[in-house]
Structure formats: C-alpha cells, structure tokens
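Structure assessment
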Amino acid sequence: QLQLVESGGGSVDSGGSLTLSCVASGFNVDKFAVAWFRQAPDENLDRTARFNTRKGVAYFSTRDGSANYDDSVKGRFTISKDSSKNTVYLQMNNLKPEDTGVYLCAADTALPHYGGSLHRLEYDAWGQGTQVSVSS
C-alpha cells in the first residue's frame, strides 16, 4: 500500500534550522517524482480550500535527477534522499516566519507522469504533513 509519512517538524526562532523526513512505502522514491509542499495552517479553511493553499517548495525531477526549488527557499532549503531507506529529506536553514505552515511530502505515482514540478495538481499521493512554526 502506498504511504508517505512525514516527521521532523517543530517550533523554532527565526534563523533556526529543521530537517524534515518523508518515509515512503509502496513505491520507490528513485523511480517517481517526489516533492515537498507547504500548506497554510489556517484550520478554518475547508479541505478543498486548504488543498489549494499548497505551495511547492522543492522537488526531484525524474527527467534529469535534478533538485529544484521555489525562489523563496533557494539557498536555504535542500532536498535530498536516501535510497536505501526510501526516504526523502528537506533540510531547512535560516528559517523565516513566512516559512510557517504544514509541510507535506507528495509523489507523482499515477499515469501520466510529468517528471516533477512545483504544481500540486501533478501529485496523486500525499502524506499527512508535519507542522513547522517559525517565530520572529
């Protein structure tokens, strides 16, 4: 059964660091595009509205194996993976209050495959997320 489980979130001061982990099962992270998204923490939104707030921050391309980032996190965040553990990581440095949100891991496992992007509609599999809070 396909599953993504995130961990590593927490509360830090501005300038702090966190490392998020996403353990995948039911598929191989080397063969499918995997990405990290940030979702607004507003619990007053319904499920659809909350989904629509998901913003891609980093992903691995299956077209060329490259790591790609949203401009807002370039130079601060690093996506990596450990194939032996089937796990994808997101190292977050120099965190800012605007990085606050629920971070979710996503995978593009259903046909057609697009090879990876920062667009939430490309991904069919999602984890439950881990909360990151950055205070100023």
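Let me sum up the structure you'll find in this document. (Residues numbered from 1 in each chain as written. Predicted model: local features only at pLDDT ≥ 70, side-chain atom pairs only at ≥ 80, totals over all residues. Heavy atoms only, no water.)

A closer look at the overall build of the chain
A count of helices and strands for the chain gives 1 helix and 11 strands. Sequence-ordered secondary structure for the chain, helices as α and strands as β, is β-β-β-β-α-β-β-β-β-β-β-β. Taken against the 2.2 N^0.38 rule, which gives 14 Å for 136 residues, the C-alpha radius of gyration of the chain at 14 Å falls within 12% of a compact globule. The buried share among the 136 residues of the chain stands at 42%. Taking the intrachain contacts of the chain between residues at least 6 apart in sequence as the baseline, contacts between residues at least 24 apart amount to 61%. Counting 13 positive and 15 negative side-chain charges, the chain places the centres of these two groups 2 Å from one another. (Helix = DSSP H or I, 4+ residues; strand = E, 2+ residues; numbered from the N terminus. Rg over C-alpha atoms; globule rule 2.2 N^0.38 Å. Buried < 20%, exposed > 50% of the residue type's maximum accessible area, 1.4 Å probe, protein only. Contact = heavy atoms within 4.5 Å. Lys, Arg positive; Asp, Glu negative; His and termini not counted. Charge placed at Lys NZ, Arg CZ, Asp CG, Glu CD.)

As for the packing of aromatic side chains
Inspection of every chain in the model, using the stated rule, returns 5 aromatic pairs. When the centroid spacing of 5.8 Å and the interplanar angle of 80 degrees are considered together, the rings of F51 and W126 count as edge-to-face. Of the two residues, F51 is situated in helix 1 (residues 47–52) and W126 in strand 10 (residues 125–126); the sequence distance between them amounts to 75 residues. The interplanar angle of 75 degrees and the centroid separation of 6.4 Å between the aromatic rings of Y123 and W126 together place this pair among those described as edge-to-face. By the ring-pair criterion, three or more aromatic residues cluster together here, those being F37, F51, Y123 and W126. Lying over the aromatic face of F60, K81 brings its terminal NZ or CZ to 4.8 Å of the ring centre. (Phe/Tyr/Trp six-rings, centres within 6.5 Å; stacked < 30°, edge-to-face > 60°. Lys NZ or Arg CZ within 6 Å of the ring centre and 35° of its normal.)

Structural notes on the nonpolar core
Judged by nonpolar contacts, the single largest core of 26 residues is most densely connected at L4, W36, L90, M92 and Y103. Secondary-structure elements contributing two or more residues to this core are strand 3 (18–25), strand 4 (33–39), strand 5 (55–60), strand 7 (77–82), strand 8 (87–92), strand 9 (101–108) and strand 11 (130–135). The element contributing the most residues to this core is strand 3, with 4 residues. Residues within four places of L4 in sequence aside, it is in contact with C22, V23, A24, F27, C105, A106, A107, A125, W126, G127 and Q128. Listed in part, the 9 residues of the second largest apolar core include A35, L104, A106 and W126. (Core = buried A, V, L, I, M, F, W, Y, C linked by side-chain atoms within 4.5 Å.)

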